[in-house]
Amino acid sequence: MSLANVIAAETPAPAARGCLFCGTALRHTFVDLGMSPLCESYVPEEKLNHMEPFYPLHVYVCDECFLVQLQEYVSPAEIFTEYAYFSSYADSWVEHMRRYADMITGRLDLGRESLVVEVASNDGYLLQHFVKKGIPVLGIEPAANVARVAAEKGIPTLVRFFGEETARQLRAEGVQADLVCGANVLAQVPHPNDFVRGLQVLLKPRGVVTIDFPHLMRLMQESQFDTIYHEHFSYLSFLSAEKIFAAQGLTLFDVEELPTHGGSLRIYARHAGDTTKPVSERARELRRREMDAGLLRIETYASFGEQVKETKRKLLEFLIEARRGGKTVVGYGAPGKGNTLLNYCGVRTDFIDFTVDRSAYKQGKFLPGTHIPIHPPERIREARPDYVLILPWNFKDEIVQQMAYIREWGGKFVVPIPEVRVLD
Ligand SMILES: [Zn+2]
């Protein structure tokens, strides 16, 4: 390796206007959400008067491969080394992954001789279910604080970013997996080719990769622009994922459509040469449906920006009318998506008095950018607000159930996406 290459590898690259997958120059805006702070950088009280970095949330679509993507404005090391999102705080998510563990154990006939590797294993919310079945596991997680929690639960966890290099090191140590899985990680890597190459290297010849990610088609159909944040570099369809995997010698042979995160895909991949797993009818059917929805035409993507502006206008109309009428509005939750929404819409304590969150890590802090205070959920019972705006709308049913008592004083739930709506 020449000295120039060494320097290039160590110096963070400036935001290059090239597609993350195919390198084509990016010329088409998908949506421009302006400037926003990092959505997980909750502000402690003593830092409220400090400067706060804001970065562009400008999403492009590649006219060559149709990958919808955010440039790498912030390095993943800055985002993920101390991450506030503990997966285990959402009951329905933990349950969802328990069902996944049961299903995939049966489908792949996993046992004591198998190895399950999860990339971005977080606090061990998924791998714990395999451990209970006696199936050997390895977690790979870059955020040291959440990895520590996993280790305390007895889940072997490597604190590292995943890519080809990590996969080659593991393979050199004799580690290869029957199942490599990852939920909500592919969208979060700035170099998808390196990441998927790593999956290919780590996978046994007859092994299976499953990857879950939010489905771009649903994001577009349901105006879920708040799922765009600096941590998410790629916004994937089945068609774009298929291209990225194929470029690294992996074939998508099956897919499930899941209700999580507003509509996700779980793709199943295998080595291109592994003919024991034919491509399923539902994979072919989804590919057709995405083509019918126009996902291989640039015009389809061009209209999304206007749709987002209209969603913003409707939310502001509701909030202005409520506050002008003397009603109180508070938030529920402090998720990343809430921060994109509130910053883009310019909603601060002028509209929302406070929000609440079950995570002790967030309580007592303030939302980035908008500086809306975060309290424990009990605060809602004391404040008796007229409206509770549910920011993690993907957990709407669970939250409405937990907080049903707001009806005692006539309180109502509101969701902001796909457009603002008061729940009956
Ligand atoms: Zn491209």
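Only a predicted model underlies this, so the values are computations on that prediction, with no experimental measurement involved.

**Remarks on the pairing of strand β16 (residues 412-415)**
Point 1. As judged from the three bridges shared by strand β15 (residues 387-390) and β16, these two strands associate in the parallel manner. Residue tyrosine 387 lies in a different strand from β16, and its bridge partner there is lysine 412.
Point 2. One ladder, built from two bridges, connects β16 with strand β17 (residues 421-422); its direction is antiparallel. Residue pairing for β17: valine 414 is matched across the bridge by valine 422.
Point 3. The antiparallel pairing of β16 with β17 creates a hairpin that spans five residues between the two strands.

**Digging into the sheet that holds β16**
Point 1. Read across the sheet, four strands follow the order β12-β15-β16-β17 without closing on themselves; strand pairing throughout is mixed. Strands with a single pairing partner mark the edges of an open sheet, and in this sheet they are β12 (329-332) and β17.

**Some thoughts on the pattern of salt bridges**
Point 1. According to the stated counting rule, one finds 28 salt bridges in the structure shown.
Point 2. Across the salt bridge formed by arginine 168 and glutamate 164, the nearest N and O atoms sit 3.0 Å from each other. Separated by four residues within a single helix, arginine 168 and glutamate 164 lie in helix α6 (residues 164-172), roughly one turn from each other.
Point 3. The salt bridge partner of glutamate 310 is arginine 313, with a shortest N-O separation of 2.6 Å. On the criterion of helical spacing, the pair formed by glutamate 310 and arginine 313 is a turn pair, its members being three residues apart in helix α12 (residues 304-324).
Point 4. The class of glutamate 310 is partly exposed, set by a relative accessible area of 31%.
Point 5. One salt-bridge network, in which partners are shared between bridges, spans Glu306, Lys309, Glu310, Arg313, Lys314 and Glu419.

**Topic: the packing of aromatic side chains**
Point 1. This structure, assessed with the given rule, holds eight aromatic pairs.
Point 2. With a centroid separation of 6.0 Å and an interplanar angle of 65 degrees, the aromatic rings of phenylalanine 253 and tyrosine 268 are classed as edge-to-face. One end of the pair, phenylalanine 253, is in strand β10 (residues 250-258); the other, tyrosine 268, is in strand β11 (residues 264-271), and 15 residues separate them in sequence.
Point 3. Note that lysine 337 overlies the ring of tryptophan 393, its terminal NZ or CZ placed 5.4 Å from the centroid.
Point 4. In this arrangement the basic side chain of lysine 365 is found over the ring face of tyrosine 361, its NZ or CZ atom lying 4.4 Å from the centre.

**What to know about the sheet that holds β10**
Point 1. Read from one edge to the other, the open sheet built from seven strands follows the order β6-β5-β4-β7-β8-β11-β10, with strand pairing classed as mixed. Both outer strands of the open sheet, β6 (157-158) and β10, are each paired with one neighbouring strand and no more.
Point 2. Alignment of strand β4 (residues 116-119) against strand β7 (residues 177-183), held across three bridges, turns out to be parallel. Counted as the bridge partner of glutamate 118 is cysteine 181 from β7.

**Some words on the coordination of the zinc ion**
Point 1. The protein atoms that coordinate the zinc ion are Cys19 (SG), Cys22 (SG), Cys62 (SG) and Cys65 (SG), at distances of 2.3 Å.
Point 2. What the four donor atoms of the zinc ion show is an angle range of 102 to 120 degrees at the metal, which sorts the shape as tetrahedral.
Point 3. In primary-sequence terms, the residues that donate to the zinc ion follow C-x2-C-x39-C-x2-C. In this pair, cysteine 19 is assigned in the loop between α1 (3-10) and β1 (28-37) and cysteine 62 in the loop between β2 (54-61) and β3 (68-70), connecting sequence segments 43 residues apart. The same class applies to cysteine 19 as to cysteine 62, namely buried.

**A closer look at the environment of threonine 340**
Point 1. You can see threonine 340 is positioned in helix α13 (residues 336-345).
Point 2. For threonine 340, a relative accessible area of 2% gives the class buried.
Point 3. Along the chain, threonine 340 and valine 388 lie 48 residues apart, while their C-alpha atoms are 18 Å from each other.
Point 4. Here isoleucine 228 takes part through its backbone oxygen, which lies 2.8 Å from a polar atom of the side chain of threonine 340.

What counts and what doesn't
Residues numbered from 1 in each chain as written. Predicted model: local features only at pLDDT ≥ 70, side-chain atom pairs only at ≥ 80, totals over all residues. Heavy atoms only, no water. Pairing = 2+ DSSP bridges. Helix = DSSP H or I, 4+ residues; strand = E, 2+ residues; numbered from the N terminus. Salt bridge = Lys/Arg side-chain N within 4 Å of Asp/Glu carboxyl O. Buried < 20%, exposed > 50% of the residue type's maximum accessible area, 1.4 Å probe, protein only. Phe/Tyr/Trp six-rings, centres within 6.5 Å; stacked < 30°, edge-to-face > 60°. Lys NZ or Arg CZ within 6 Å of the ring centre and 35° of its normal. Donors = N, O, S within 2.8 Å, 3.2 Å for Na, K, Ca; no water. Tetrahedral: all angles 85-135°; square planar, octahedral: opposite > 155°, others 65-115°. Polar contact = N/O pair within 3.5 Å; in protein donor to acceptor, adjacent residues only side chain to side chain.

These figures capture arrangement, not role.
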